[in-house]
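Working through the structure, step by step
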Amino acid sequence: ETGVTQTPRHLVMGMTNKKSLKCEQHLGHNAMYWYKQSAKKPLELMFVYNFKEQTENNSVPSRFSPECPNSSHLFLHLHTLQPEDSALYLCASSQDPASGSNTGELFFGEGSRLTVL
Amino acid sequence: ILNVEQSPQSLHVQEGDSTNFTCSFPSSNFYALHWYRWETAKSPEALFVMTLNGDEKKKGRISATLNTKEGYSYLYIKGSQPEDSATYLCAFPNQAGTALIFGKGTTLSVSS
């Protein structure tokens, strides 16, 4: 089983749809992340969960709603998206020291390619 | 605003050539510098996590150096092979220390 698994790998949705992206990590890590990769832009941090608590929301619009029910699972709920939200959404996990500082390497999933029509 | 700059943006070399890329980052409050390799249709994978000024790390034909005082890191590939074709990303912790901020990457293409 791969370390970080994302589903679905590809998703096409209309602007009025509600869908969710799922991420699962089998590495025993305590921190999980959502990043967005748009064309010709660097990976953009969206959300960080550390010990299931959201520690970072990088000014992401409310049409993106994260959920972290436990340290192994992370969801990104999508609602009323815009065509410019079409991108590759990457989930990652890491093992962070209890202090909350982050020097641990990230382990990424293969991403969910989202197209909003 | 925290900026991680990488250059060049893309690079095309012939098999057997050696090459290097640059990552620039803020030199104040240094904590760690990460390098990742991202092959097409795969997930990014960590190459190195560097924490000490003057550090040099090596993995096969790939090596990296770190200068925290002047805020740069070099990634070197010796004798490039087609399988080295990928985007190489560097990343730096955000100010809160809760996540990594990535540069735009250097996309390497190696022709046989």
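In what follows, the accompanying structure is described. (Residues numbered from 1 in each chain as written. Chains lettered and ligands numbered in written order. Predicted model: local features only at pLDDT ≥ 70, side-chain atom pairs only at ≥ 80, totals over all residues. Heavy atoms only, no water.)

Re the sheet that holds strand β8 (residues 72-77) of chain B
Residue and element names in this part refer to chain B.
- Pairing in this open sheet of five strands is antiparallel, and the strands run β1-β3-β8-β7-β6 from one edge to the other. Either end of the sheet is taken by a strand with one partner, and the two such strands are β1 (5-7) and β6 (56-59). Averaged over neighbouring strand pairs, the angle between their axes works out to 15 degrees when direction is ignored.
- Where β6 and strand β7 (residues 62-67) come together, four bridges link them in antiparallel fashion. The residue of β7 that forms the bridge with Glu56 is Thr65. (Pairing = 2+ DSSP bridges. Helix = DSSP H or I, 4+ residues; strand = E, 2+ residues; numbered from the N terminus. Axes fitted to C-alpha atoms, helices over the stretch in contact; angles between N-to-C directions.)

Here we look at the sheet that holds strand β1 (residues 4-7) of chain A
Residue and element names in this part refer to chain A.
- In space, the four strands of this open sheet follow the order β1-β3-β8-β7, with antiparallel pairing throughout. Across the chains shown, the open sheet's two edge strands, defined by having one partner strand only, are β1 and β7 (64-70). The mean angle between the axes of side-by-side strands here comes to 15 degrees, regardless of whether they run parallel or antiparallel.
- Where strand β3 (residues 18-25) meets strand β8 (residues 73-79), seven bridges bridge the pair, whose relative direction is antiparallel. In the sheet register, Ser20 faces β8, and the bridge partner there is His77.

Some remarks on the packing of aromatic side chains
Residue and element names in this part refer to chain B.
- For the structure shown, the criterion picks out 13 aromatic pairs over all chains.
- A centroid spacing of 5.4 Å and a plane angle of 40 degrees characterise the contact between Phe25 and Phe30, whose relative ring orientation is tilted. Considered together, Phe25 and Phe30 belong to a single accessibility category, that of buried residues.
- Consider the rings of Phe25 and Phe92, whose centres lie 5.4 Å apart with planes at 20 degrees: the pair is stacked. Placement of Phe25 in the loop between β3 (19-24) and β4 (33-38) and of Phe92 in strand β9 (residues 86-93) is noted, with a sequence separation of 67 residues between them.
- Its relative accessible area of 6% is what places Phe25 among the buried residues. (Phe/Tyr/Trp six-rings, centres within 6.5 Å; stacked < 30°, edge-to-face > 60°. Buried < 20%, exposed > 50% of the residue type's maximum accessible area, 1.4 Å probe, protein only.)

Some remarks on empty space enclosed by the protein
- Following the criterion strictly, the structure yields one cavity of 30 Å³ or more and no others.
- Size it by volume and the largest cavity reaches roughly 30 Å³.
- Split into classes, the residues belonging to the lining of the largest cavity amount to no nonpolar, one polar and four charged. (1 Å grid on protein atoms, 1.4 Å probe; cavity = no way out; pocket = protein on both sides within 12 Å on 5 of 7 lines; lining within 4 Å. Points joined across faces, edges and corners; volume = space filled by probe spheres on them. Nonpolar A, V, L, I, M, F, W, Y, C, P; charged D, E, K, R; others polar.)

As for the state of the cysteines
- Across all of its chains, the model carries two disulfides over all chains by this definition.
- For Cys23 of chain A, the disulfide goes to Cys91 of chain A, at an S-S distance of 1.9 Å. Judged by the sign of its S-S torsion, about -75 degrees, the bond between Cys23 of chain A and Cys91 of chain A is left-handed. Here Cys23 of chain A, found in strand β3, pairs with Cys91 of chain A, found in strand β9 (residues 87-94); they are 68 residues apart in sequence, far enough to count as distant.
- On the basis of relative accessibility, which here comes to 0%, the residue Cys23 of chain A falls in the buried class.
- Exposure remark for Cys91 of chain A: the relative accessible area of 0% places this residue in the buried category.
- Disulfide pairing is shown between Cys23 of chain B and Cys90 of chain B; the S-S distance is 1.9 Å. Between Cys23 of chain B and Cys90 of chain B the disulfide shows an S-S torsion of about 75 degrees. By sign, it is right-handed. (Disulfide = S-S within 2.5 Å.)

Regarding the side chain of Ser111 of chain B
- Mapping Ser111 of chain B onto the fold places it in strand β11 (residues 106-111).
- When near neighbours in sequence (up to four residues on either side) are disregarded, Ser111 of chain B contacts His12, Val13, Gln14 and Glu15 of chain B. (Contact = heavy atoms within 4.5 Å.)

Details of the interface of chain A and chain B
- Each partner contributes residues to the interface: chain A has 22 residues there, and chain B has 22 residues.
- Carbon and sulfur atoms make up 61% of the surface buried where chain A meets chain B, a total of about 1800 Å² over both sides.
- At the boundary of chain A with chain B, the tally comes to zero salt bridges.
- Where chain A touches chain B, the interface holds two residue pairs in polar contact (both at pLDDT 80 or more).
- A total of three residues in the side of chain A that touches chain B trace back to one element, the largest contributor, which is strand β4 (residues 31-37) of chain A.
- Tallied by class, residues from the side of chain A that touches chain B come to ten nonpolar, eight polar and four charged. (Buried area = accessible area lost by both parts, 1.4 Å probe. Salt bridge = Lys/Arg side-chain N within 4 Å of Asp/Glu carboxyl O. Polar contact = N/O pair within 3.5 Å; in protein donor to acceptor, adjacent residues only side chain to side chain.)

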